[in-house]
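Here are the chains, one letter per residue:
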Amino acid sequence: MNSKMQVLCFGEILWDNLPSGPLPGGAPMNVALHLKRFGISSVIASSTGNDEKGAKLLGFLKNAGMDTSYIQTHATLPTSEVLVHLNEKNNATFEICEPVAWDDIQLTPDLEGVLKSSQAIVYGSLASRNPSTRETLGKLLDSDILRIMDVNLRPPFDKQEIVTPLLKKADIVKLNDDELVKICDWFNIKGDFGACASDLYKLLNLKTLIITKGEHGASLIHDGTLYSHPGYKVKVADTVGAGDAFLAGFLAAFFDEKIMPEALAEASAIGAFVASKPGAVPDYDTQTLHDFIKV
């Protein structure tokens, strides 16, 4: 594993209020936790409220061995909470409250410092829904480190004029098949799956474009070549955080310079494993995943 790599994960941290009860969540936090499981140094930049829920979230992260130095405490805005609704297939939709603490992440000297010591930044579209955090992220992305965008189009926070500049800053983009259709429509890209993915990849001048397809697996384009994996069949507990786990699994393999088919298989395995367990960050180790792949 590439132990010299440090990844800055920027954006929302929150409580996912599932039907079974609240669990820590937020895509950047989930990615950071999974990267740590793979032995990669990860740092979270976010903000919580000066409240009990914020203190519990920070406690959870400290217990997980995460550095919370770059998580700001907001004086007036509350810690973020999300209502998670599961359909009959246990696929999740989200009701995201606002304004919350991560809507106002400030560019501090500490944040600028950790960016300079990092080799990559992971960011999404959701945290840019309000101008303050969007401005901070924009300044962080004006750097020459590897920029990885984890697209999270959550209506009504899925405006083209906000998401498009973030896409154009990225080196690697991960999205799902529904998001691919929506974004291709923005750019008037037509055709079947392969044509749309290829045209978007070229338009954005990406290093890698990754598309997750739920129970139908995942595909990616890297160096102009399309790769696909059928996925692993599991009984879904919920889909919360499965895409975040997939991204972390891919990045771990990517940083370790594994070939793309192997990276895609390992990413698909961790994504499926997390979907088979409740919550976004269930307990596992890398041996668990190797056993899972062999089944």
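Residues numbered from 1 in each chain as written. Predicted model: local features only at pLDDT ≥ 70, side-chain atom pairs only at ≥ 80, totals over all residues. Heavy atoms only, no water.

## Quick word on the packing of aromatic side chains
Condition: For Phe, Tyr and Trp, rings pair up if their centres lie within 6.5 Å, where Trp contributes its six-membered ring, and each pair is then called stacked (planes under 30 degrees apart), edge-to-face (over 60) or tilted (otherwise). Each residue is placed in one exposure class: buried if its accessible area under a 1.4 Å probe, protein chains only, is under 20% of its type's maximum, exposed if it is over 50%, and partly exposed if it falls in between. In this scheme, the term charge over a ring applies when either NZ of a lysine or CZ of an arginine sits within 6 Å of the ring centre and within 35 degrees of the ring normal.
Taken as a whole and assessed by the stated rule, the structure comprises two aromatic pairs. With a centroid separation of 6.1 Å and an interplanar angle of 65°, the aromatic rings of Phe254 and Phe255 are classed as edge-to-face. One exposure class covers both Phe254 and Phe255, and it is buried. Each member of the aromatic cluster is reached from another via a ring pair, and the members are Phe250, Phe254 and Phe255. If you follow Arg129 out to its NZ or CZ, it ends over the ring of Phe157, 4.6 Å from the centre. For Lys213, the ring lying beneath its charged end belongs to Phe193, and the centroid distance is 4.7 Å.

## Points about the side chain of Thr68
We count it as follows: Only DSSP runs of H or I reaching four residues or more are called helices, and only runs of E reaching two or more are called strands; each is numbered from the N terminus. The contact criterion used throughout is that any non-hydrogen atoms of two residues lie within 4.5 Å.
On the secondary structure map, Thr68 appears in the loop between helix 2 (52-63) and strand 5 (71-74). Residue class for Thr68 comes out buried when judged on its relative accessible area of 15%. For Thr68, the contacting residues outside a window of four places in its chain are Leu58, Leu61 and Lys62.

## Let's talk about the packing of helix 1 (residues 27-37) against helix 8 (residues 242-255)
Applied cut-off: Note on method: axes are straight lines fitted to C-alpha atoms, helices fitted across the in-contact stretch only, with angles between N-to-C directions ranging 0 to 180 degrees. Roughly parallel covers angles under 35 degrees, roughly antiparallel covers those over 145, roughly perpendicular covers 65 to 115, and oblique covers all other angles. Helix crossings fall into two classes, left-handed where the near helix is turned counterclockwise from the far one by less than a right angle and right-handed where it is turned clockwise. Here the nonpolar group is Ala, Val, Leu, Ile, Met, Phe, Trp, Tyr, Cys and Pro; Asp, Glu, Lys and Arg are the charged ones; every other residue, Gly included, is treated as polar.
Put simply, helix 1 and helix 8 touch, their axes get as near as 8 Å, and they point 40° apart. One way to sum up the angle between helix 1 and helix 8 is to call them oblique. Judged by the twist between their axes, the crossing of helix 1 over helix 8 is right-handed. Along the contact surface, helix 1 presents Ala27, Asn30, Val31, His34 and Leu35, while helix 8 presents Asp244, Ala245, Leu247, Ala248 and Leu251. Classifying every residue of the contact of helix 1 with helix 8 gives seven nonpolar, two polar and one charged.

## Things to note about the nonpolar core
Applicable threshold: In these notes, a set of buried Ala, Val, Leu, Ile, Met, Phe, Trp, Tyr and Cys residues joined through side-chain atoms within 4.5 Å is what counts as a nonpolar core.
Formed by 48 residues in total, the largest nonpolar core has its most connected members in Ile121, Met149, Val173, Leu175, Leu200 and Leu209. Filtering out sequence-adjacent residues up to four positions away, Ile121 remains in contact with Leu8, Phe10, Leu115, Leu137, Leu140, Leu141, Ile145, Leu146, Arg147 and Ile148.

## A few points about the sheet that holds strand 8 (residues 120-124)
Whenever strands of a sheet pair, they do so through backbone hydrogen bonds, lying parallel or antiparallel. Test applied: If DSSP finds at least two bridges between two strands, the strands pair.
Strand order across the open sheet formed by nine strands is 5-4-1-8-9-10-11-12-13, with mixed pairing between neighbours. Of all the strands in the sheet, just strand 5 and strand 13 (225-229) have a single pairing partner and so form its edges. If you compare each strand with its neighbour and ignore which way they point, the axes differ by 15° on average. In this sheet, strand 8 lies alongside strand 1 (residues 6-10) in parallel orientation, the contact comprising three bridges. Within the sheet, the bridge partner assigned to Leu8 lies in strand 8 and is Ile121. On the sheet, helix 7 (residues 193-204) packs against strand 10 (172-176), strand 11 (208-212) and strand 12 (218-222) and is oriented at approximately 145° with respect to strand 11. On the sheet, helix 9 (residues 260-275) packs against strand 12 and strand 13 and is oriented at approximately 35° with respect to strand 13.

## A short note on the pattern of salt bridges
Under the convention used in this document: One speaks of a salt bridge when a side-chain nitrogen belonging to Lys or Arg is within 4 Å of a carboxyl oxygen belonging to Asp or Glu.
Counting across every chain of the model gives ten salt bridges. In this structure, Arg129 and Glu98 form a salt bridge, with 3.9 Å as the shortest nitrogen-oxygen distance. Within this pair, whereas Arg129 is found in the loop between strand 8 and helix 4 (131-140), its partner Glu98 is found in the loop between strand 7 (92-96) and helix 3 (109-116), the two being separated by 31 residues in sequence. According to the relative accessible area criterion, Arg129 is buried, its value standing at 9%. Glu98 gets classed as partly exposed once you look at its relative accessible area, which sits at 43%. With a closest N to O distance of 3.0 Å, Asp150 and Lys174 form a salt bridge. Of the two residues, Asp150 sits in strand 9 (residues 146-150) while Lys174 sits in strand 10, which places them 24 residues apart along the sequence. Assessed through its relative accessible area of 3%, Asp150 is described here as buried. The class of Lys174 is buried, set by a relative accessible area of 5%.

## A look at helix 1
Within an α-helix, residues lying three or four positions from one another point in the same direction, as the helix has 3.6 residues per turn. Among the eleven residues in helix 1, nine count as buried, and that is most of the element. Considered for burial, the residues of helix 1 that qualify are Ala27, Pro28, Met29, Asn30, Val31, Ala32, Leu33, His34 and Leu35. Of the residues one or two after helix 1, Gly39 is the one with positive phi, at around 85°.

## Thoughts on the environment of Leu247
Tracing the backbone shows Leu247 in helix 8. Taking the relative accessible area as the measure of exposure, Leu247 reaches 0% and is therefore buried. Through-space distance from the C-alpha of Leu247 to that of Ile210 is 8.7 Å; in sequence the pair is 37 residues apart. Discounting chain neighbours no more than four positions away, the residues touching Leu247 are Val31, Val122, Ile148, Asp150, Lys174 and Ile210.

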